[in-house]
Amino acid sequence: MRYPWSMITREIAQELARAAAEYPVVTILGPRQSGKTTLARMTFPDKPYYSLEDPDVRTAAEEDPRGFLDQVREGAILDEIQRLPTLLSYLQGMVDEIKKRGRFILTGSHQPRLHEAISQSLAGRTAMLALWPFSFSELRHYESEWNPFDLIVRGCFPRLHEERLEARRFFNGYVQTYVERDVRALTQLRDLSAFQKFLTLLAGRVGQVVNFASLSNDVGVSTTTLRDWLSVLKASYVVFELPPFFANIRKRVVKSSKVFFTDVGLAAFLLGIHTTEQAFRDPLRGSLYENLVIADVLKGALNRGIRPEVYFFRDAHGSEVDLLIRENGVLVPVEIKSAATFSKEFLKGIERFRASGVPRVASGAVLYNGEQRLSVRGIDVFNPLAVDDIWGALTTVSEPGES
């Protein structure tokens, strides 16, 4: 396979190589079109490649799994493995028979059956990585500076940038080709129009605590069905949840999670936001900006092979912190603001959380859309698109009192 000259080496490639040096199998999960196939083939160009999306390949593997795997005893890239998770049972025997590291590279999109098959057949035999669309630092290979509202509209999927595709057309096809197909594959979807309405309403509630009763009234289906649909969207990496933080403090906290889109461009498309000017002026600009930034923070962790511990915080009095990161036993409070001008009001949530009695809380950071990098009352203030490593910048913030 030849790759276009514009193809970049993904940040997760180093972690993939390290994982392959330790495990016989490495499994790469993530949303469709995030670049999993390209990552695997660029990192291991000499491995035979088989896509289980190909009907001929899938039929051969399904009808004679032992015979199919005998052809690739030295190893291979098996793409879209969720299409035939039963193959993993046969792969287990082959892996146990010949203990060779970095032998098989698997990729998969929606995960429930795949996770079940991996836990049953490949437990302890595979490293698990998650590849999301381009991070801010990866996107700098295409433009040295980005307007965040451009990215909110355009999104971060690799093909949009490598092939300079028109975002509206891309996302229209993405919804019809992947999202709706995966939902049909994972649940008995009887009313496509109701699901489409749910997806659009979910985009309108991006960054908010999910209220299933309200959504049920708006969509006209039961809360049980909505929960099933949301679980499918999470399983297909279309959305992710940010759970509330719980601590032993004498305040009632909310229990429901907030929902964000893995790629904010899809949320903007569903909301009918198709230009930078629209994104900048839309009432949801703050929530969309928050989605853009939180997704990039998670990418920084996932590209290191880290499963991030992230939360939001809100107490009964309305005091809130947009993002809490727990790393090395320290909680880092982060406020995210789409404004280009810093205000000391941005510090309130962090300072109240630090005063709440939760142990080991870092000084924290405010991520905003301004040009200046500041330190105000010990809190770092900077533009997340202006740093090379946002995860590193946030998780190296010290605890108050440390030098």
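Residues numbered from 1 in each chain as written. Predicted model: local features only at pLDDT ≥ 70, side-chain atom pairs only at ≥ 80, totals over all residues. Heavy atoms only, no water.

**Quick notes on the overall build of the protein chain**
Put simply, the rule is: For the purposes of this entry, the term helix denotes a DSSP run of H or I that reaches at least four residues, the term strand denotes a run of E that reaches at least two, and both are numbered from the N terminus. Computation of the radius of gyration draws on C-alpha atoms alone. For the globule rule, the value is 2.2 Å times the number of residues to the power 0.38. A simple rule labels every residue: compare its accessible area, found with a 1.4 Å probe on the protein chains alone, to the largest value its type can have, and call it buried under 20%, exposed over 50%, or partly exposed in between.
Looking only at helices and strands, the protein chain has 18 helices and 13 strands in total. Over its C-alpha atoms the protein chain spans a radius of gyration of 22 Å, differing by no more than 12% from the 22 Å that the globule rule assigns to 403 residues. Counting only C-alpha atoms, the protein chain reaches 65 × 55 × 45 Å along its principal axes. Across the 403 residues that make up the protein chain, the buried fraction comes to 55%.

**Things to note about the sheet that holds strand E4 (residues 104–108)**
Inclusion rule: In this analysis, strands are considered paired if DSSP registers two or more bridges between them. Orientation is described by axes fitted as lines to C-alpha atoms, over the contacting stretch for helices, and by angles from 0 to 180 degrees between their N-to-C directions.
Strand order across the open sheet formed by five strands is E2-E3-E4-E1-E5, with parallel pairing between neighbours. Of all strands in the sheet, those bounded by a partner on one side alone are strand E2 (49–51) and strand E5 (126–130). Ignoring which end each strand starts from, the neighbouring axes of this sheet average 15 degrees apart.

**Quick look at the sheet that holds strand E11 (residues 365–367)**
Hydrogen bonds along the backbone pair up the strands of a sheet, which may run parallel or antiparallel. The condition is simple: Two residues form a contact once any of their heavy atoms are found within 4.5 Å.
Taken in spatial order, the six strands make up an open sheet running E8-E9-E10-E11-E13-E12, and their pairing is mixed. On the outer flanks of this sheet lie strand E8 (309–314) and strand E12 (374–376), each paired with one strand and no other. On average, each strand axis in the sheet is tilted by 30 degrees relative to the strand beside it, whichever way the strands run. Two elements, E8 and strand E9 (residues 320–327), share five bridges in a ladder whose sense is antiparallel. Note that in E9 the partner of Val-310 across the bridge is Ile-325. Each of E8, E9, strand E10 (330–336) and E11 touches helix H16 (residues 285–302); the most contacted strand, E9, lies at about 5 degrees to it.

**A look at the pairing of strand E13 (residues 379–382)**
Where a strand is regular, its side chains alternate between the two sheet faces. Pairing of E11 with E13, which is carried by three bridges, proceeds in the parallel orientation. Among the inter-strand pairings, Leu-367 is bridged to a residue of E13, identified as Phe-382. Bridge count between E12 and E13: three bridges; the pairing is antiparallel. Looking at E13, one finds that Val-376 is bridged to Ile-379. With antiparallel pairing between neighbouring strands as the criterion, E12 and E13 make up a hairpin whose turn holds two residues, including Arg-377 at a positive phi of roughly 55 degrees.

**Focus on the packing of aromatic side chains**
In plain terms, the rule: Here a Phe, Tyr or Trp ring, Trp counted by its six-membered ring, pairs with any other such ring whose centre lies within 6.5 Å, and the pair is stacked when the planes are under 30 degrees apart, edge-to-face when over 60, and tilted otherwise. Charge-over-ring contacts are defined here by two conditions on Lys NZ or Arg CZ: a distance within 6 Å of the ring centre and an angle within 35 degrees of the ring normal.
Within the structure shown, the criterion is met by 20 aromatic pairs. With centroids separated by 5.3 Å and ring planes inclined at 55 degrees, the aromatic side chains of Tyr-174 and Tyr-178 adopt a geometry described as tilted. Here the residue Tyr-174 and the residue Tyr-178 both occupy positions in helix H10 (residues 167–186), the gap between them amounting to four residues, near one helical turn. Take Tyr-174: its relative accessible area is 4%, and that puts it in the buried class. Three or more aromatic residues link up through ring pairs in this structure, and these residues are Phe-157, Phe-170, Phe-171, Tyr-174, Tyr-178 and Phe-269. Directly above the ring of Tyr-49 sits Arg-41, whose terminal nitrogen or CZ lies 4.0 Å from the centroid. A cation over a ring is seen here: Arg-285 above Phe-280, with NZ or CZ 4.5 Å from the ring centre.

**Let's talk about the environment of Lys-234**
Let me state the cut-off plainly: In the analysis that follows, any N or O atom pair within 3.5 Å is treated as a polar contact, provided that within protein one partner can donate a hydrogen and the other can accept it, and provided that, for residues neighboring in sequence, both atoms belong to side chains.
Mapped onto the fold, Lys-234 is located in helix H13 (residues 223–235). Between the alpha carbons of Lys-234 and Thr-341 there is a distance of 35 Å; along the sequence they are 107 residues apart. In terms of polar contacts, Lys-234 uses its side chain to reach the side chain of Glu-241, at 2.8 Å.

**Thoughts on the packing of helix H12 (residues 212–219) against H13**
What counts here: Roughly parallel means an angle under 35 degrees; roughly antiparallel means over 145; roughly perpendicular covers 65 to 115; every other angle is labelled oblique. All amino acids are sorted into three groups, where Ala, Val, Leu, Ile, Met, Phe, Trp, Tyr, Cys and Pro are nonpolar, Asp, Glu, Lys and Arg are charged, and the leftover types, Gly among them, are polar.
Put simply, H12 and H13 touch, their axes get as near as 9 Å, and they point 100 degrees apart. Taken together, the axes of H12 and H13 are roughly perpendicular relative to one another. Taking contact as the criterion, the partners of Phe-212, Ala-213, Leu-215, Ser-216 and Val-219 in H12 are, on H13, Thr-223, Leu-226, Arg-227, Trp-229 and Leu-230. Taken together, the residues of the contact of H12 with H13 break down into seven nonpolar, two polar and one charged.

**A closer look at the nonpolar core**
Which entries qualify depends on this criterion: Only buried Ala, Val, Leu, Ile, Met, Phe, Trp, Tyr and Cys residues count toward a nonpolar core, and they belong to the same one when joined by side-chain atoms within 4.5 Å.
Phe-104, Phe-198, Leu-233 and Phe-261 are the most contacted members of the largest nonpolar core, which totals 107 residues. Per-element tally for this core: the top contributor is H16, with 10 residues. If sequence neighbours within four positions are ignored, Leu-233 has contacts with Val-179, Val-183, Phe-195, Phe-198, Leu-199, Leu-202, Val-238 and Val-239. By size, the runner-up hydrophobic cluster in this structure holds 15 residues, among which are Ile-12, Ala-20, Ile-105 and Leu-129.

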